[in-house]
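# Coordinate analysis (summary)
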Amino acid sequence: MKPINYYRRLFQTSYQLLKVRAVNLGWLLLLALLMTLHILMLNPGLVAIKVILIIGFLSGLIFELNLILTAFTTNKTILNQTDLLMLTAWRRLSKRWLQLVALVILLAALWLPFGDAGFTAPVLNLVMLPLKWVDTVVMQRRVVVVILAVLYAVLLYVFLQLLSYLRVTVKPELVPISGWHRLVWFLRPLIAIWLPMFIINHLVVSGLRVLSNQLSNGIGNGTSLLALVVLVAFSLIGLSVFLLAIVWESIAQPKFQPDFSDDDEHLHSMAWFPTGLVMLLVILFGFQAFHFGSVAASPSLTIAHRGVIGNNGVPNSLDAFENTVKHKPSFVEIDVQETKDGQFVVSHGQDVNLKTDTGAKVTDIQNLTLEQLKKHHAEKNGKTTTIVSLASYLKAAKKVNQRLIVEIKVTPQDSADMIQRFDTQYGEQLISSHDFVHTMSYQAVLKLKQLNPNLIVGYIVPLNVMSIKKLPADFYSLQAIGLNTTMIRQAHSIGAPVFVWTPDKIADMQIMRVLGVDGQITNQMTQLQQVNRQPLKQFNWAIVENVVNQFC
């Protein structure tokens, strides 16, 4: 099928469906419900109301899909009779409600990688894992990602299986299609509708970013707000057509050309009141999102990741530290690991290359003593240095009054009392220097706080797919990829600041500021300092970007 012909038939079908008053009104009410949910999501609290709206939206979506299927397959004469059409749809829903419920739930799950439509990502961030599972999920995150990918493929297969079942249930004359041939029902709308929508949205945002320096504050704010409202409205239309396209594809792209008589033209005009309501809610959401984004965009703490700025030295080395502190970072972040003799060295990687008489071999830091490691040379970008002990690094930091964030690398080879010995050796020294500690092991966080309540201990979260509200810590270090305002608000609701790692591009740093993070752990700290000095108008595009990312 030629692309032009595909678009023509799809948009013609969409237009004709909108002329069915029940379908038109139902879809507009769903969009109004969705935008109300968007507005509430900008504000903390009101959890019960949000849950009710989510359930209401999904329930309404189930009936609306059933109504569309009924309109496609029923006698065209009843399309003029709204009451009769609704009654017919209700009767058919009683026979296939279970399949439609499962279909909508699966669609919500499948949509997670493509945009959260305002509530799916926050729902993910409400998932609370048992404490005993948290470290397993985080420490084995690569395995978890593979499992999630396999699970996604399974869910997609089940989704297509349900569509196939509905296909022959709704239109028995259609030939059943089995296997992965049905994948086209999902992929073609994704490529034809969602992908162009994604490209257009982000091209507009890129244009705003280019214009941010050239427009005055007033004009820049107005232009960005207008673009935000237009892109949200455009995304709502695009997502509506995308969902319709999936249904339309699954029942063999039927021609939908009902014969509406001139006498009943008033029944098939746009429902202007709900349309106006939806646009009013979109505008209200745009104003609120723009306001909250502007308020959140306060300067971030500057944190030098692994003690370096660009290529100014080998990460975690004293040479790099001496070069970095000249730029006065808020913190220098370093990694520490335990040695065979119970000491601690500053190193990110667990394995090191040892030169021997017979060549070189790779071994873990945990298999070597501190004295052995001091003889080892670390290399990066053509620069060489020796591995340094944590004691030496702390001494150098104290000399220049530089605050640190120490990441404890937890490995299976660590000794059973590693956390206790770390606190015994360095706990009080870190407290007196106002330094912080963070780690990916939540059990280590709990142990450190139990041993030394005065030590500031943070939790590193590499996967933003679970709730942190029941995982209390003094602060959180969150992965920049997939970060959203829900997680940041969860942290702030318990009084914990949020540091994000590792945005290294100016655009990413601006987006993180708009999200409301408190500090940024970056390899390009001087660029972050420049971003902190930028006027607010240069962050307008990032506010729009964050909103657009909720839709695609």
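What comes next is a walk through the structure.

Quick notes on the rules
- Residues numbered from 1 in each chain as written.
- Predicted model: local features only at pLDDT ≥ 70, side-chain atom pairs only at ≥ 80, totals over all residues.
- Heavy atoms only, no water.
- Helix = DSSP H or I, 4+ residues; strand = E, 2+ residues; numbered from the N terminus.
- Buried < 20%, exposed > 50% of the residue type's maximum accessible area, 1.4 Å probe, protein only.
- Contact = heavy atoms within 4.5 Å.
- Lys, Arg positive; Asp, Glu negative; His and termini not counted.
- Charge placed at Lys NZ, Arg CZ, Asp CG, Glu CD.
- Phe/Tyr/Trp six-rings, centres within 6.5 Å; stacked < 30°, edge-to-face > 60°.
- Polar contact = N/O pair within 3.5 Å; in protein donor to acceptor, adjacent residues only side chain to side chain.

The next thing to look at is the overall build of the protein chain. Of regular secondary structure, the protein chain possesses 19 helices and 14 strands. Its C-alpha atoms put the protein chain at 90 × 55 × 45 Å along the principal axes. In the protein chain, buried positions account for 52% of the 552 residues. Pairs at least 24 apart in sequence give 70% of the contacts found in the protein chain among residues at least 6 apart. Distance between charge centroids for the protein chain: 4 Å, based on 45 positive and 33 negative side chains.

On to the side chain of Asn546. For Asn546, the location among the structural elements is in helix H19 (residues 540-548). Contacts of Asn546, omitting those with residues within four sequence positions, involve Ile511, Val514 and Leu515.

Here the structure, examined in full by the defined rule, presents 19 aromatic pairs. Judged by centre distance (6.5 Å) and plane angle (45°), the rings of Phe331 and Phe499 are tilted. Here Phe331 is found in strand E2 (residues 331-338), whereas its partner Phe499 is found in strand E13 (residues 498-501), with 168 residues between them in sequence. Here Phe331 and Phe499 have matching classes, each one buried.

Position of Arg96 among the secondary structure elements: in helix H4 (residues 82-110). Exposure remark for Arg96: the relative accessible area of 6% places this residue in the buried category. Placed 207 residues apart in sequence, Arg96 and Ile303 show a C-alpha to C-alpha distance of 56 Å. Once residues within four sequence positions are removed from consideration, Arg96 is found in contact with Asn66, Leu69, Thr70, Leu166 and Val170. Side chain to side chain, Arg96 and Asn66 meet in a polar contact 2.9 Å long.

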